[in-house]
Amino acid sequence: MKNYLDGGEAILEAFRKLKIDYIMSSPGSEWSPIWEALARQKLDNKAGPAFVESWHETLAVNMATGYTLMTGRPQAVLLHAGVGVLQGSMGIHGAMQNEVPMVVMSGESQTLGEDPALDIESQWYGGLTIGGIERFVEPVAKWARAVTSPHTLYESVIRAGEMAQRMPKGPIYLNVALEHMLHDWTPPAAAREVPPAPIVRPRQEDVAKVAELVRNSKNPVIVTETAGRDPKAFSALLELADLLAIAVINGRVNAYANFPTNHPLYLGMGRYKALDAADLVLLVGARAPWYPPRRRPTSGKIVAVHDNPLKDHMIYQTLHADYYLEGDIAESLTLLIAATKSAQIDAATVSARRQRWTREHENYVAELRAAREKAQNGSAIDPLSLLGALAEVMPADTIYVDETITHSPLIRQHLPQTTPQSFFRGSGGLGQGIGTALGIKLAAPTRPVALLIGDGSFLYNPIIQALGASKRHELPIIVIVLNNKKYEAMRKGHVHHYPDGASASKDLHFGVTIDGPDYERLGSHFGFHGQRVENRAELEGALQSALAATKAGRTAILNVVVSR
């Protein structure tokens, strides 16, 4: 057996230096050097990344995204040339919008069979090589380039991994010629250990200024959208709010569990009434909190706390920020807490605020409870009945992934989010929920993972491929399809613009009806659990059966027919 030391080993060694846990891949024929290096790694019992194979490119990228959302550690994704990257571009785009670091790679041929010293398969001359796929990837990735030579391959991968973790974090794409991977490689004489990305902190004078604003504020309010992605930021936000009795509101597009929804200072999602009288708003981890963007929500000052407040991937963004604390969110909040504590805090003012917001929270919770109780009328399943059943049945450490549209506001208001990393919602386009949930399960194997997904959203996903990955890699999740048999967002958009038009007047809609399959039966090919739920009385039992199935190692699909 010959031990090859070539570009495949260079890439794998770079992955080891970057401390990558997994290579997520929808395989391509250019990756034989990597497969050879992985085989040697296994035979030599050498530490290194594990291989996770899937049958769809977007799925591979989504699994890397989900894993990194939980761990914070970037992973590697290997896709096929040309069309493979185009298939995966939806996931790459989502990773860029979510600021998820990863290294994405594909390969092409440069010689196309014309090098007499290197026998390249004929398929590359037949059209697999399209001459620089990085040109197509550039708009949806943080950075996209071709590796220039076999001699720059190792350090190019190292650089890509380091660059992915710098602000703004995101996917880095490398196009690697097959010839570079087949070329001999000489490891560096003294390979360095790659350090982690440093934690960036705001200027101390900015922290001191904002701390003064916070101490002197009579009616401060916190609005957050993405703080909870980092458990440390979740804890720091909780400490700051408790210290000064500051009300906390989830922004209109919150994507994570940012603050305990059962805390007496929590006032809900997108409920901005508290900002009317606010003299200071701490905008913590926000992307697009105000809509329409021109509408400033308060006459008070706005402080944006974020490591990357201004998003270059957005065509337009208006935060209305008067001050910035620009740096790692957890670090910024920790520094702000320390600076606030360094001077005297008016205890009476804080106590009065706490009492006021506690009453507001209790009223808010009562409104939610009343809405859920109203939904119990009749046997049909209102979405609120489902959310109430989830709160009753599912364990407290359940991780929820949301890929709904019309039901998402209800989910984010009513679903318990009391601990860090208990809720995730992606961005960048529908069709990525199952893969993200599987990646999250890979990172958190002992926690239940439940995907809430509309029937329309579900059909955008690579369903069979995702279920195959769940089976092969032993990643049991609960998939709950909220089935209203339509693309309700399409209908609402049409009626919004044409309220008295022909479509609304005659109930004649195009692009709305979904005559879908029996969703619960789709997992039967893999031995998975499935159940159709049409009656409200069946909900809790169905959830318990699904949970039992996942504990036994089988994914469960619940086809929940909802009334709206």
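Residues numbered from 1 in each chain as written. Predicted model: local features only at pLDDT ≥ 70, side-chain atom pairs only at ≥ 80, totals over all residues. Heavy atoms only, no water.

**Considering the overall build of the protein**
Move 1: A tally of regular secondary structure across the protein gives 19 helices and 18 strands.
Move 2: Taking 24 Å as the expected radius of gyration for a compact globule of 564 residues, we find that the protein reaches 25 Å, a close match to that expectation.
Move 3: The principal-axis extents of the C-alpha atoms in the protein amount to approximately 80 × 60 × 50 Å.
Move 4: Looking at the protein residue by residue over its 564 residues, the buried ones come to 55%.
Move 5: By sequence separation, contacts in the protein at least 24 residues apart represent 77% of the contacts at least 6 residues apart.
Move 6: As presented, the protein carries roughly 24000 Å² of accessible surface, and 52% of it is formed by carbon and sulfur atoms.
Move 7: When the 56 basic and 58 acidic side-chain charges of the protein are each reduced to a single mean position, those positions are 7 Å apart. (Helix = DSSP H or I, 4+ residues; strand = E, 2+ residues; numbered from the N terminus. Rg over C-alpha atoms; globule rule 2.2 N^0.38 Å. Buried < 20%, exposed > 50% of the residue type's maximum accessible area, 1.4 Å probe, protein only. Contact = heavy atoms within 4.5 Å. Areas by Shrake-Rupley, 256 points an atom, 1.4 Å probe, with all protein chains shown as cover. Lys, Arg positive; Asp, Glu negative; His and termini not counted. Charge placed at Lys NZ, Arg CZ, Asp CG, Glu CD.)

**A few points about helix H11 (residues 347–374)**
The periodicity of an α-helix, 3.6 residues per turn, causes residues three or four positions apart to be oriented the same way.
Move 1: Along its 28 residues, H11 runs 41 Å from first to last C-alpha, staying within 8% of the 40 Å computed at 1.5 Å per residue.
Move 2: If you check which residues of H11 are buried, you get Val350, Arg353, Trp357, His361, Tyr364 and Leu368.
Move 3: The elements touched by buried residues of H11 are strand S7 (220–224), helix H9 (231–244), strand S8 (247–250), strand S9 (266–269) and helix H13 (408–414).
Move 4: Between the side-chain oxygen at the start of H11 and the backbone nitrogen of Ala348 there is a gap of 3.2 Å, and the oxygen is on Asp346. (Expected span 1.5 Å × (residues − 1). Polar contact = N/O pair within 3.5 Å; in protein donor to acceptor, adjacent residues only side chain to side chain.)

**Focus: the nonpolar core**
Move 1: Counting 54 residues, the largest nonpolar core has Met24, Val77, Leu438 and Phe458 as the members making the most contacts within it.
Move 2: Top element by residues in this core is helix H3 (residues 57–71). It accounts for 8 residues.
Move 3: Setting aside anything within four residues of it in sequence, one finds Val77 in contact with Met24, Ala60, Val61, Ala64, Met102, Val103, Val104 and Met105.
Move 4: Formed by 53 residues, the second largest nonpolar core is a distinct cluster that contains Ile246, Ala274, Ala330 and Ile337. (Core = buried A, V, L, I, M, F, W, Y, C linked by side-chain atoms within 4.5 Å.)

**Focus on a nonpolar patch on the surface**
Move 1: Together, Val83, Leu86, Ile130 and Phe136 make up an exposed nonpolar region whose accessible area comes to about 360 Å².
Move 2: When you line up the elements, Leu86 lands in helix H4 (residues 83–97). (Patch = residues over 30% accessible without salt bridge, like charges linked within 9 Å, V, L, I, M, F, W, Y side chains within 5 Å. Salt bridge = Lys/Arg side-chain N within 4 Å of Asp/Glu carboxyl O.)

**Describing the packing of aromatic side chains**
Move 1: Summed over all chains, the structure comprises 10 aromatic pairs.
Move 2: Relative to Trp290, the ring of Tyr272 has its centre 5.5 Å away and its plane inclined at 65°; by these criteria the two rings are edge-to-face. With Tyr272 in the loop between S9 and strand S10 (280–284) and Trp290 in the loop between S10 and strand S11 (301–306), the pair connects residues that are 18 residues apart, well separated along the chain. Both residues of the pair, Tyr272 and Trp290, count as buried.
Move 3: Seen in terms of ring centroids, Tyr460 and Tyr487 are 6.2 Å apart; in terms of plane orientation they differ by 45°. Their pairing is tilted. Of the two residues, Tyr460 sits in helix H15 (residues 455–460) while Tyr487 sits in the loop between strand S16 (478–483) and helix H17 (488–497), which places them 27 residues apart along the sequence.
Move 4: Members of the aromatic cluster, joined through ring pairs, are Trp55, Phe526 and Phe528. (Phe/Tyr/Trp six-rings, centres within 6.5 Å; stacked < 30°, edge-to-face > 60°.)

**Quick word on the layout of surface pockets**
Empty pockets left among the atoms are what a rolling probe the size of a water molecule brings to light.
Move 1: Volume-wise, the second largest pocket comes out at about 480 Å³.
Move 2: Every element with two or more residues in the lining of the second largest pocket is listed here: H11, helix H12 (383–393), H13 and helix H19 (539–551).
Move 3: Ranked by the residues each element gives to the lining of the second largest pocket, the list is headed by H11, at 7 residues.
Move 4: When grouped by side-chain class, the residues that make up the lining of the second largest pocket number 11 nonpolar, 9 polar and 6 charged. (1 Å grid on protein atoms, 1.4 Å probe; cavity = no way out; pocket = protein on both sides within 12 Å on 5 of 7 lines; lining within 4 Å. Points joined across faces, edges and corners; volume = space filled by probe spheres on them. Nonpolar A, V, L, I, M, F, W, Y, C, P; charged D, E, K, R; others polar.)

**Quick notes on the pattern of salt bridges**
Move 1: For the structure shown, the criterion picks out 22 salt bridges.
Move 2: Note that Glu53 is salt-bridged to Arg472, the shortest N-O span being 3.2 Å. Pair noted here: Glu53 is in strand S2 (residues 50–53) and Arg472 is in helix H16 (residues 463–472), with a separation of 419 residues, a long-range link.
Move 3: Lys341 is paired through a salt bridge with Glu239; the nearest N and O atoms lie 3.5 Å apart. With Lys341 in helix H10 (residues 329–341) and Glu239 in helix H9, this pair connects stretches of sequence that are 102 residues apart.
Move 4: For Lys341, a relative accessible area of 48% gives the class partly exposed.
Move 5: Given the relative accessible area of 37%, Glu239 is considered partly exposed.

**As for the sheet that holds S9**
Paired through backbone hydrogen bonds, the strands of a sheet run either parallel or antiparallel to each other.
Move 1: Strand order in the open sheet formed by 6 strands is S9-S8-S7-S10-S11-S12, and the pairing between neighbours is parallel. Two strands close off the open sheet at either side, each with one partner strand: S9 and strand S12 (323–326). If you compare each strand with its neighbour and ignore which way they point, the axes differ by 20° on average.
Move 2: Of the pairings in the sheet, the one linking S11 to S12 comprises 4 bridges and is parallel in character. Residue pairing across strands places Val303 opposite Tyr323, the latter belonging to S12.
Move 3: Across the face of the sheet, helix H8 (residues 204–216) comes into contact with S10, S11 and S12 while running at roughly 125° to S12.
Move 4: Across the sheet, H11 lies against S7, S8 and S9, angled at about 45° from S9, the strand it touches most. (Pairing = 2+ DSSP bridges. Axes fitted to C-alpha atoms, helices over the stretch in contact; angles between N-to-C directions.)

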